[in-house]
Amino acid sequence: MIVCVAVVGHQNNPLYLESFTGGDDALKLHHIVHCSLDVIDERVNNPKRSASTLNETFLGLLYPTENYKVYGYLTNTKVKLIMVTTDLDVKDADVRSFFRKFHAAYVDAVSNPFHVPGKKITSNSFSERVGTIVKSFGHSMSL
């Protein structure tokens with residue numbers, strides 16, 4: 001189950017953060033997302049990968065905690081998409097599919113002529129679309 005998704009700007013400013021736990025875990029999840037930015041910066045600035053994976057936008061598992069696993073995705077404009085999940089046995093294919101859909105929703109949201117680049121995403125349609133993507137995670141992702 002996805003408990004949190006976030007969009008973080010290229011200057012590490014939060015553009016969108018949504019918690020799906022319903023409890024008071026929002027601050028804890030915000031902290032986890034913030035900590036994952038260090039891992040993303042480390043992977044991007046110190047690539048120890050082969051030439052074929054240097055252009056890969058899917059960063060994979062950033063780090064696991066006791067209760068959560070954090071996955072990351074980096075767009076071409078250095079915007080970071082982050083997902084926090086409680087599932088311990090998530091397939092990479094499902095996570096990649098989720099990030100493709102999440103990235104498409106992000107692109108549609110920032111393509112709105114009324115959106116100011118670099119500012120928080122306040123679009124209700126974006127929030128609804130992200131909610132739909134999160135609810136469908138794991139059910140039909142691998143189809």
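As annotated in an unreviewed UniProt entry, the protein chain carries the name Trafficking protein particle complex subunit 2-like protein and comes from Carex littledalei. Entered under Sequence similarities (unreviewed entry) in the UniProt record, the comment concerning the protein chain runs "Belongs to the TRAPP small subunits family. Sedlin subfamily."

### Quick look at the overall build of the protein chain
Within the protein chain, the regular secondary structure consists of three helices and five strands. Secondary structure elements in the protein chain, listed N-terminal to C-terminal, are β-β-α-β-β-β-α-α. Looking at the 143 residues of the protein chain, the share that counts as buried comes to 39%. Long-range contacts, defined as pairs at least 24 residues apart, comprise 55% of the intrachain contacts of the protein chain with a sequence gap of at least 6. Split by element, the accessible area of the protein chain, about 8300 Å² in all, is 52% carbon and sulfur.

### Brief notes about the confidence of the model for the protein chain
Within the protein chain, residue pLDDT values average 88, and 90% of them lie at 70 or more. Confidence, expressed as mean pLDDT per element, reaches its minimum in the protein chain at helix α1 (residues 26-45) with 90 and its maximum at strand β5 (residues 80-85) with 96.

### Comments concerning the environment of Val33
Take Val33: it is sitting in helix α1. Among residues more than four places away in sequence, those in contact with Val33 are Cys4, Ala6, Val8, Leu17, Ile82 and Val84.

### Comments concerning the pattern of salt bridges
In total, this model carries one salt bridge according to the counting rule given. Of the charged contacts, one joins Asp108 and Arg129 as a salt bridge, the two residues approaching to 2.4 Å between their closest N and O atoms. Here Asp108, found in helix α2 (residues 92-110), pairs with Arg129, found in helix α3 (residues 124-136); they are 21 residues apart in sequence, far enough to count as distant. Residue classification places Arg129 among the partly exposed residues on the basis of a relative accessible area of 33%.

### Remarks on the sheet that holds strand β2 (residues 14-19)
A sheet is described by the order of its strands in space; here five strands give the open sequence β2-β1-β5-β4-β3, paired in antiparallel fashion. Only two strands of the sheet have a single neighbouring strand rather than two, namely β2 and β3 (58-64). Geometrically, the sheet is characterised by an average inter-axis angle of 15° between neighbouring strands, direction not taken into account. Both β3 and strand β4 (residues 69-74) contribute to a ladder of five bridges, which runs antiparallel. Following the sheet pairing, Gly60 is matched in β4 by Gly72. Here α1 sits on the sheet in contact with β1 (2-8), β2, β3, β4 and β5, set at roughly 125° to β3. Packed on one face of the sheet, α2 meets β1, β2, β3, β4 and β5 and runs near 135° to β5.

### Section: the environment of Ser127
Mapped onto the secondary structure, Ser127 falls in helix α3. Distance from Ser127 to Glu18, taken between C-alpha atoms, is 8.3 Å for residues 109 residues apart in sequence.

### Structural notes on α1
A rise of 1.5 Å per residue sets the reference length of α1, with its 20 residues, at 28 Å; its end C-alpha atoms lie 29 Å apart and thus fit the reference within 8%. Here the buried face of α1 lies against β1, β2, β3, β4 and β5.

### Notes on the pairing of β4
Among the six residues of β4, six are classified as buried, and the element is accordingly described as predominantly covered. When β4 meets β5, the two strands line up antiparallel, connected through six bridges. By the bridge assignment for β5, Tyr71 is matched with Met83. Here β4 folds back onto β5 in antiparallel fashion, the turn holding five residues, of which Lys78 has a positive phi close to 70°.

The rules behind these values
- Residues numbered from 1 in each chain as written.
- Predicted model: local features only at pLDDT ≥ 70, side-chain atom pairs only at ≥ 80, totals over all residues.
- Heavy atoms only, no water.
- UniProt positions renumbered as here; feature names shortened; annotations may be inferred.
- Helix = DSSP H or I, 4+ residues; strand = E, 2+ residues; numbered from the N terminus.
- Buried < 20%, exposed > 50% of the residue type's maximum accessible area, 1.4 Å probe, protein only.
- Contact = heavy atoms within 4.5 Å.
- Areas by Shrake-Rupley, 256 points an atom, 1.4 Å probe, with all protein chains shown as cover.
- pLDDT = per-residue confidence, 0-100.
- Salt bridge = Lys/Arg side-chain N within 4 Å of Asp/Glu carboxyl O.
- Pairing = 2+ DSSP bridges.
- Axes fitted to C-alpha atoms, helices over the stretch in contact; angles between N-to-C directions.
- Expected span 1.5 Å × (residues − 1).

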